[in-house]
Amino acid sequence: LLGGGVLSIRRMSTDAAASLTASHAQLSQRVAGAIDLLESLASLPEFYDPDLPPIDKVKKLDQLSPYFGYMMLCYVDSDIIVYSDGSEPASLASRDYMQRLFSTGQRQVTDSFAAGADGSTLNYTVAVPLLDEAGTITGCLFCAIYFDEVVQILDTSAGASGSEAALIGTQGQIMSSTAGLPYGDSILNVFQNGVLFGTTADQLEERLLAAQPGAFWSIREGSLYYTAYQRVENTGWDILCSVNFWT
C-alpha cells in the first residue's frame, strides 16, 4: 500500500503535466487557426474595401465557412453593424470587445459569453480588424468557437489520463470544466475552501494574472490534488489540469 501510494503521488504530477500539454496545444492551435484565417481574409481588398457591397462580402464568407468548420464567419462594417445573408443588419456596438477592437485596432479573443438570437448560446469569439491601405479601420471579421467544442477538447485531452481540466477566463471565472465546476464562479473560491501547499489563493491569482505557468499541491474535499496551469496563447485564458490522488 505504501509503495502504491508513493508511485501514485509521483504519477500525479506526470499525468497533470501531460494533460496540460495536450489541452494547451489543442486550444492554442484552435485559436491560432482562427486568427490566421481571419487575418488572411482581412488582407484581401474584397473584404477591407468599404466601397464594395457588404452583401457580396457576406456571401463569400458564407461559402468559406463550411470548408473551415465555422458556422459563423461574419463581416462588420465601420459603424459596427454586422451583416448576414437573408437577415436584417444588426448593431454590435454594445459589445465590449467590438469597442476595444475599433478603438485599439487590435485583434480580440473573448471570454465565453451568451450570443445568438436566443441570447443563450455560449461561444468564444475571435475578431480581427479590416485595415485599408492607409491603415484606417474599415470594419472587422469575426468567427465563433463554440462552447461545446472547447468542452470536447478538454474532455478528450484530460480524460485520457483521468485528469480534471478547467478553462479560466480573464476575470478568473470558470468557463469550462470537466469536473462540473459551476460556470461563472471564481476559481479562487474552489481553492479557498481547501488547503494549498507552497502557495496561497492570492499568490495563485497573481501568477494567473501575470500569465506565469506553475503547479501546486492542495487538499480539496478530503482528497489530495496536484494541479498544473498555463496561459493559452493569444488569449487571456488559463488552463488548470488537476489529478486526484484517489482517482
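Residues numbered from 1 in each chain as written. Predicted model: local features only at pLDDT ≥ 70, side-chain atom pairs only at ≥ 80, totals over all residues. Heavy atoms only, no water.

**Q** Can you help me understand the environment of D49 in this one?
**A** Turning to its location among the elements, D49 is positioned in the loop between α2 (45–48) and α3 (54–68). On a C-alpha basis, the gap between D49 and E133 in space is 9.2 Å, while along the polypeptide they are 84 residues apart. In terms of polar contacts, D49 uses its side chain to reach the backbone amide nitrogen of D51, at 3.0 Å. (Helix = DSSP H or I, 4+ residues; strand = E, 2+ residues; numbered from the N terminus. Polar contact = N/O pair within 3.5 Å; in protein donor to acceptor, adjacent residues only side chain to side chain.)

**Q** I keep staring at the pairing of strand β3 (residues 87–91) and nothing clicks. Help me out?
**A** Relative to β3, strand β2 (residues 81–84) is paired through three bridges, and the arrangement is antiparallel. The residue bridging V82 from the neighbouring strand is A90, located in β3. In this structure, the hairpin formed by β2 and β3 is closed by a connection of two residues, where G86 is found at a positive phi of approximately 90°. (Pairing = 2+ DSSP bridges.)

**Q** What should I look at first to understand the side chain of S223 in this one?
**A** Within the secondary structure, S223 sits in strand β12 (residues 223–231). Owing to a relative accessible area of 11%, S223 belongs among the buried residues under this scheme. If we ignore the near neighbours within four places in the chain, the residues touching S223 are S218, N244 and W246. (Buried < 20%, exposed > 50% of the residue type's maximum accessible area, 1.4 Å probe, protein only. Contact = heavy atoms within 4.5 Å.)

**Q** I keep staring at unusual backbone geometry and nothing clicks. Help me out?
**A** Peptide bonds are trans in most cases, and residues, glycine excluded, mostly fall at negative phi. Even without glycine at this site, I80 takes up a positive phi of about 60°. Its location among the elements puts I80 in the loop between β1 (73–77) and β2. For A211, which is not a glycine, the phi torsion comes out positive at approximately 60°. Relative to the assigned elements, A211 resides in the loop between α7 (201–209) and β11 (214–220).

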